[in-house]
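Fold and geometry: a report
Given next are the chains, with one letter for each unit.
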Amino acid sequence: MDMIVTPTRKLSGEIQALSSKNYTTRYLLVSALAEGTSTILYPAHSEDGEAMRRCIRDLGAIVEEDETKIVITGFGRHPQPAKELNVGNAGAVLRFVMSVAALLPEVRFVNAYPESLGKRPHDDLIVALESMGVTIEHNNGRLPMTIKGGNPRGGKIQVSGNVSSQFLSSLLFVTPLLDEDSEIEVLHDLKSKVVIGQTLEVLQQAGIVIEASDDLMRYRIPGKQKYKAQTYTVQGDYPGSAAILAAAAVTESDVVVHRLMENSKQGERAVVDVLKAMNVPLTHENGIVRVKGNGKLTAGEFDGDEFTDGVLAMVAAAVFAEGTSRFYNVENLRYKECDRITDYLAELRKAGANVEEKRDEIIVHGRPEGVEGGVEIDAHFDHRVIMALTIVGLRSAAPIRIKDAHHVAKSYPIYFDHLKALGAQVEWTE
Ligand SMILES: O=C(O)C1=C[C@@H](OP(=O)(O)O)[C@@H](O)[C@H](O)C1
Ligand SMILES: C=C(OP(=O)(O)O)C(=O)O
């Protein structure tokens, strides 16, 4: 399905932020790793959430759900043998479940999205799991992959954090269940470091004890621990809301988004400060962000690694700012659903934006007068490219058509419904 985005000058109204993708995947996983029955309130309904549900069900968890909650009876340390797992296009789900699969004699992960997740590298986690005595057959570090484990060793484990924080998160989820104690050392840099805060928070809520160094580069994890069954409440999602807030920032607007906790551990909470730094009129109180946009923005320089899943939306806002913006420390955007630097900038340029790339930077020469639009955009299977190009389309001279925009459902199936409710002219077409 394609999406036609017609320029829209004004947006107004109130929405409830959707539920957090990253907390939903984590709560599903720790509930499966517990032996009793856990409840997750307000889980995210998205393809990635569904991918994690499917995997834990295939591994033996009992999953029952209605509109507002999921009730899960976990398998603890003993997943049931599953021949094949399908993680859809969800990187975090694949990486987290790889370590759980290592508890089984043989599990194969299929390659359902050869053009997206199928291109993403998992070598750093493969190397770490191999050092724990697990055998992995893989396609040059990519899917499809067969994991042959059983009883992985703990002890001293090293993992590179250069490409993704998900490899470390994955090891942090499984090591508490091992017979031995473990020590994890992160090699090189740790990208998306803030996300590890979410992993540690969820592990603690699940009753797991982990000692982490202040710089998050070293961990001590006692073995033979048990995950406790709990009730979890999923908070609102900042990365998805970042796109709504950016849309409000580039238009004349009065937009209110509820359920965005000020003290959230989501790094993308920083997008509120990014927009403020770009002189967007907004307030953030009692979990409510209100943008009263006047369409005027000022350029700025930002460390994108602090709000990795919010960068594309902020870049889209910067397309209309006065001056040149720089988003640095973003190399790992190249290893996401598409190359979120080269592929994304190619689409922005088609729409008329003036952007440049470096290996680890996005530079935006703002065009406050707006861009031409009137083009067809390739979504590159990437929900965040779809959301970001929509923002650009709202402020184009002519409508843009986003091909295969249904991939927005990876994280935010109701993105266009929310925008429509705010007055945006967005229409699905075959
Ligand atoms: O742990 C997680 O749930 C995630 C970590 C981040 O990935 P990287 O660590 O690969 O940057 C983020 O981009 C992704 O959407 C979800
Ligand atoms: C990169 C993302 O997800 P994942 O790595 O889990 O596929 C994302 O949601 O933007």
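Note that the coordinates shown come from a computational prediction; the quantities given were computed from them, not determined experimentally.

Here we look at the pattern of salt bridges
Scanning the entire structure with this criterion turns up 33 salt bridges. When the shortest N-O distance is used, the salt bridge between glutamate 185 and arginine 218 registers 3.4 Å. With glutamate 185 in strand S11 (residues 182-190) and arginine 218 in strand S13 (residues 218-221), the pair connects residues that are 33 residues apart, well separated along the chain. Here lysine 350 makes a salt bridge to glutamate 347, at a shortest N to O gap of 2.8 Å. Here lysine 350 pairs with glutamate 347, and both are found in helix H10 (residues 342-351), just three residues apart, close to one helical turn. Overall, glutamate 347 belongs to the buried group, its relative accessible area being 3%. Residues participating in the shared-partner salt-bridge network are Lys21, Asp48, Arg120, Asp309, Glu337, Arg340, Asp382, Arg384 and Lys410.

Looking at the site of ligand 1
Looking at ligand 1, there are 14 residues lining it, with Ser164, Ser165, Ser192, Asp309 and Lys336 nearest. Note that an oxygen atom of ligand 1 is positioned 2.5 Å from one of the side-chain N or O atoms of aspartate 309. Within the side chain of lysine 336, one N or O atom sits 2.5 Å away from an oxygen atom of ligand 1. Of all the secondary structure elements, the ones that give two or more residues to the shell around ligand 1 are helix H1 (21-32) and helix H3 (91-101). Per element, the largest residue contribution to the shell around ligand 1 is three residues, and it comes from H1. A breakdown of the residues in the shell around ligand 1 according to their chemical character gives three nonpolar, seven polar and four charged. Taken domain by domain, the shell around ligand 1 gets at least three of its residues from each of domain 1 (2-18 + 237-429) and domain 2 (21-222).

Things to note about the side chain of serine 160
Residue placement: serine 160 occurs in strand S10 (residues 155-161). With a relative accessible area of 11%, serine 160 lands in the buried category. Polar contacts involving the side chain of serine 160 include one to the main-chain amide nitrogen of asparagine 162, which spans 3.2 Å. At 2.9 Å, the side chain of serine 160 forms a polar contact with the side chain of histidine 188. When sequence neighbours within four positions are dropped, the list of residues in contact with serine 160 reads Asp124, Phe167, Leu187 and His188.

Structural notes on unusual backbone geometry
Cis geometry is adopted by the peptide bond preceding proline 144, which originates at leucine 143 and carries an omega value of -10°. Locating proline 144 in the fold gives a position in strand S9 (residues 142-148). You will see that lysine 224, though not glycine, has its phi angle at about 55°, which is positive. Assignment of secondary structure puts lysine 224 in the loop between S13 and strand S14 (231-233). Of note, asparagine 329 is a non-glycine position whose phi angle comes to about 60°, a positive value. Among the structural elements, asparagine 329 can be located in the loop between strand S21 (324-328) and H10.

Section: helix H7 (residues 238-249)
With twelve residues, H7 ought to run about 16 Å at 1.5 Å a step, and its terminal C-alpha atoms sit 15 Å apart, in line with that. Of all twelve residues that make up H7, twelve are buried, and the element is covered over most of its length.

Looking at the domain arrangement of the protein
Domains assigned within the protein are domain 1 (2-18 + 237-429) and domain 2 (21-222). Centre-to-centre, using C-alpha coordinates, domain 1 lies 29 Å away from domain 2. Taken together, the contact pairs 22 residues of domain 1 with 26 residues of domain 2. Interface area, domain 1 with domain 2, both sides summed: about 2,000 Å², of which 49% is carbon and sulfur. Together, Lys265, Tyr335 and Lys410 form the three largest contributors to the area buried by domain 1 at its contact with domain 2, with a combined 32%.

Conventions used here
Residues numbered from 1 in each chain as written. Chains lettered and ligands numbered in written order. Predicted model: local features only at pLDDT ≥ 70, side-chain atom pairs only at ≥ 80, totals over all residues. Heavy atoms only, no water. Salt bridge = Lys/Arg side-chain N within 4 Å of Asp/Glu carboxyl O. Helix = DSSP H or I, 4+ residues; strand = E, 2+ residues; numbered from the N terminus. Buried < 20%, exposed > 50% of the residue type's maximum accessible area, 1.4 Å probe, protein only. Near = heavy atom within 4 Å. Polar contact = N/O pair within 3.5 Å; in protein donor to acceptor, adjacent residues only side chain to side chain. Nonpolar A, V, L, I, M, F, W, Y, C, P; charged D, E, K, R; others polar. Domains from an automatic or database assignment. Contact = heavy atoms within 4.5 Å. Expected span 1.5 Å × (residues − 1). Buried area = accessible area lost by both parts, 1.4 Å probe.

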